[in-house]
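Chain by chain, the residues:
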Amino acid sequence: MKAAELDQVYTELCYTLNAVGEDKTPLFLAMLSLSLMSRLEDSAEAIALIRQAWQQIDATG
Amino acid sequence: MSMISLPEHVPVLIAGGGPVGLTAAALLARFNIPSIVIEADTDYCEGSRAICMSRRSQEILSWIGADKALVDKGLSWVGGRSYWRNIEVLHFEMPHEPTQRYAPMVNIQQYYLEQFIHQALEQSQPNSVYWGHKVLDVQQTATAAQVLIQLPEGNTQTVTADWVIACDGGRSTVREVLGLALKGMQYDGRYVIVDIKQKTQRPVERLAWFDPPSNPNSTLLMHRQPDEVWRIDYQIRPDEDPLEAVKPENVLPRIQSHLAMIGETEPWEVLWISLYNAKCLSLENYRHGRVFFAGDAAHLVPIFGVRGLNSGLDDVSSLVWKLASVCQGTAADSVLDSYSIGRVAATQENIAYGAKSTEFMAPPNRAFELMREAALRLAVVDKSVASLINPRQSTPIVYSTSPLNIVAQDQWFSTLAQAGAPAPEALLTDERGQPRYLTEYFGKEWVLIVFSQPALTTTLRQTLLNLPWQVVIVGAEGLHDTYQQVQERYGFAEGEQGLILVRPDGYILGRWSGLALDTCVNAWQNKGF
């Protein structure tokens, strides 16, 4: 995905999250993550991304 | 600043003597169209205000001879760094290369810029700025506008103007008396803008901090200016009273905390404090009969991405050559409508980019806040998301919807050089072996670029002499394309011949493969010239 496209979908996601509301945001993001993961080439890629996100939450508090 | 009496009639009256209005006057003077500038204030602006001048703005200022003073005094820069807490998450550079004429951006206090433009105007058209004069009313007939002006002594006088350019800023009087209103939206997030004087050894870059330890949960921007001045912008909390937030006792501790964090320990003092919130507002049309709107009078765009003053200069660069052509009887009135069409579209693009920057710099709700935190945390290790942090700095707009564009009939290799795009820069070598930039030829006349490796026939050369355009021959004769920049950027194949017709504001009107001059001239005439 090009930077301009990433920018576009980022904004789309922000607007959608706002419409979804804070209560349902974790559920929404979990559903979206599942959809995105299922479209990856293999599980190794998904596991690497899961670990990366976990480490960044862990490392940065 | 000597005071002379107002004329009864003037071809063009410019309301507002800020950088946009002064540039409009200086550009008109290049076309020998007399104008006067009516400015309510008695001197240049207070506070440094707009500080980042784009490459395109530097080119426009070169047309009036104000570029050298700007570049000499200003601080040129090419990129910046963004930090999340105190970790660098983005190092960006705007497009630049060693052969370029101007840096992508130069920082200058607005009052210096106004001074440089005014000095250039004094050279070409002395004593045409009426300081301390206020426009009170504008009445239009089919052939002229009657402008009621209040003199510094308090009495009034009416000036008849063939045309009016309203460059009188965000609170435009001309806009108000014409009963027009800006439309759009504004963001709640407020920023305090502070200039301080402090010595520094830091390179000139755009610096941004998100949630820095010095000011947790805030966003803070820093830019260097000449005279050892820092511009510092920071976001205040939603629950803060803006009037309290701009009091020095509330500003100084935040600044001190940040300067200490980044290791800037020289003594410092505050020069200027202001308050800002991002707005996306525009008139629907920039032409109303004999009145044109330009700059903040026409549109207010978010500061993030520095599209405010830069787009104002683009407004007048697009307007003045059209107005001058109509005044001189060499263009149809309809050409003036293309000003509004092109620049309203430009504002929409500036607003789209500016809104995106604002949504990152000042998240409008919890969803944007959450996503920004995710992007910043991830960008520490995952560079694929770092582009989201990029501030989307001002770039020249392509007039893709301009009615003047002549759509290419042939296959071209370069999308850079399409009709409606700013004509790409190229470094060339003249017949004496001296370096010449292609953009040096822009800004006044129509320019026909003739690209031809084989020498031109005598007949063709004769025809070129009779055209009402400046002809720039690039190839075997004339200018040498030493670095193949014309060939690459304009999309010519090896050995190909072609014509590019460039508008007086440096934008491409049309392009033709081969040297069919008749086709080119006919297409130009059909556009109202």
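This text goes with the structure placed above it.
The notes below deal with the structure included here. (Residues numbered from 1 in each chain as written. Chains lettered and ligands numbered in written order. Predicted model: local features only at pLDDT ≥ 70, side-chain atom pairs only at ≥ 80, totals over all residues.)

Some words on the overall build of chain A
Condition: Each helix is a run of H or I in the DSSP string that is no shorter than four residues. Each strand is a run of E no shorter than two, and both are numbered from the N terminus. Counting other C-beta atoms within 10 Å of a residue's own tells you its class, since 20 or more makes it buried, 12 or fewer makes it exposed, and anything in between is partly exposed; those C-beta atoms are placed from the backbone.
Helix and strand counts for chain A come out as 3 helices and 0 strands. Secondary structure of chain A in N-to-C order comes out as α-α-α. Seen through its C-alpha atoms, chain A measures out along the principal axes to roughly 30 × 30 × 20 Å. Here chain A holds 61 residues, and 5% of them are scored as buried.

Some points on the sheet that holds strand β19 (residues 299-300) of chain B
Residues and elements named next belong to chain B. To be explicit about the condition: Here a strand pair is declared whenever DSSP counts at least two bridges between the two strands. Residue pairs are scored as contacts if the distance between their C-beta atoms, which are placed from the backbone, is within 7 Å. Under this scheme, a helix contributes an axis fitted over its contacting stretch, all axes are lines through C-alpha atoms, and angles between N-to-C directions fall in the 0 to 180 degree range.
On the basis of which strands lie adjacent, the open sheet formed by 8 strands has the order β6-β5-β13-β14-β15-β12-β16-β19 and mixed pairing. Of all strands in the sheet, those bounded by a partner on one side alone are β6 (87-93) and β19. Bridge analysis of strand β12 (residues 183-197) against strand β16 (residues 269-282) gives 12 bridges, and the strand direction is antiparallel. If you follow V192 over to β16, its bridge partner there is L275. Of the strands in this sheet, β5 (79-84), β6 and β13 (206-210) are in contact with helix α10 (residues 366-379), which crosses β6 at around 90 degrees.

Things to note about the pairing of strand β22 (residues 447-452) of chain B
Residues and elements named next belong to chain B. Burial of β22 is extensive: 6 of the 6 residues sit out of reach of the surface. Neither face of β22 is left uncovered, since the one carrying V447, I449 and F451 and the one carrying L448, V450 and S452 both have all their residues buried. With 6 bridges joining them, β22 and strand β23 (residues 470-475) adopt parallel strand pairing. Within β23, the position partnered with S452 by the bridge is G475.

Examining the interface of chain A and chain B
Rules: Each residue receives one of three labels: charged for Asp, Glu, Lys and Arg, nonpolar for Ala, Val, Leu, Ile, Met, Phe, Trp, Tyr, Cys and Pro, and polar for the others, Gly being one of them.
Listed by partner, the interface residues are 13 residues for chain A and 15 residues for chain B. Those elements that place two or more of their residues in the side of chain A that touches chain B are α1 (3-20) and α3 (43-60) of chain A. The biggest single contributor to the side of chain A that touches chain B is α1 of chain A, with 9 residues. Class assignment for the residues of the side of chain A that touches chain B results in 6 nonpolar, 5 polar and 2 charged.

Describing the packing of α1 of chain A against α10 of chain B
Two measures define how a pair of helices packs: the angle their axes make with one another and the distance between the axes. Let me state the cut-off plainly: Convention used here: angles under 35 degrees read as roughly parallel, angles over 145 as roughly antiparallel, angles from 65 to 115 as roughly perpendicular, and any remaining angle as oblique. Helix crossings fall into two classes, left-handed where the near helix is turned counterclockwise from the far one by less than a right angle and right-handed where it is turned clockwise.
Between α1 of chain A and α10 of chain B, the least distance of the axes is 8 Å, while the angle of their chain directions is 135 degrees. On the basis of their axis angle, the class for α1 of chain A and α10 of chain B is oblique. For α1 of chain A against α10 of chain B, the interelement crossing comes out right-handed. Counted together, Y10, L13, C14, L17 and N18 of chain A of α1 of chain A and A367, F368, L370 and M371 of chain B of α10 of chain B form the full contact between these two elements.

Details of the sheet that holds β23 of chain B
All names here are of chain B. Taken in spatial order, the 4 strands of this open sheet run β23-β22-β24-β25, and their pairing is mixed. Each end of this open sheet is capped by a strand with a single partner; those strands are β23 and β25 (508-513). Neighbouring strand axes in the sheet, compared pairwise and without regard to direction, differ in orientation by 15 degrees on average. Packing against the sheet, helix α13 (residues 517-526) makes contact with β24 (498-502) and β25, and its axis sits at approximately 155 degrees to β25.

Describing the nonpolar core
Rule in force here: Core membership is restricted to buried Ala, Val, Leu, Ile, Met, Phe, Trp, Tyr and Cys residues, and these are joined into a nonpolar core through C-beta atoms within 7 Å.
Grouped together as the largest cluster of nonpolar side chains are 76 residues, with contacts concentrated most on L13, I14, A24, V164, I165, A166 and A294 of chain B. Residue contacts for A166 of chain B: discarding those within four places in its chain leaves A15, G16, S172, V174, R175, V291, F292, F293, A294 and A297 of chain B.

So, the packing of helix α1 (residues 19-30) of chain B against helix α8 (residues 308-327) of chain B
Residues and elements named next belong to chain B. Relative orientation of the contacting elements α1 and α8 amounts to 30 degrees, with a least axis distance of 9 Å. In terms of axis orientation, α1 runs roughly parallel to α8. α1 and α8 meet at a crossing whose hand is right-handed. Together, P19, V20, T23, A24, L27 and L28 of α1 and L309, G312, L313, D315, V316, S317, V320 and A324 of α8 make up the contact between the two elements. Within the contact of α1 with α8, the residues separate by chemical class into 10 nonpolar, 3 polar and 1 charged.

Quick word on the environment of A331 of chain B
Residues and elements named next belong to chain B. Examined against the element boundaries, A331 turns out to sit in the loop between α8 and α9 (334-361). With 19 C-beta atoms packed within 10 Å, A331 lands in the partly exposed category. For the pair formed by A331 and D195, sequence separation is 136 residues and the distance between their alpha carbons is 46 Å.

A word on unusual backbone geometry
All names here are of chain B. Positive phi, normally seen in glycine, also occurs at N217, with a value near 70 degrees. Along the polypeptide, N217 turns up in the loop between β13 and β14 (219-225). Despite not being glycine, E228 shows a phi value in the positive range, around 55 degrees. By the C-beta count within 10 Å, which is 13 here, E228 ends up partly exposed.

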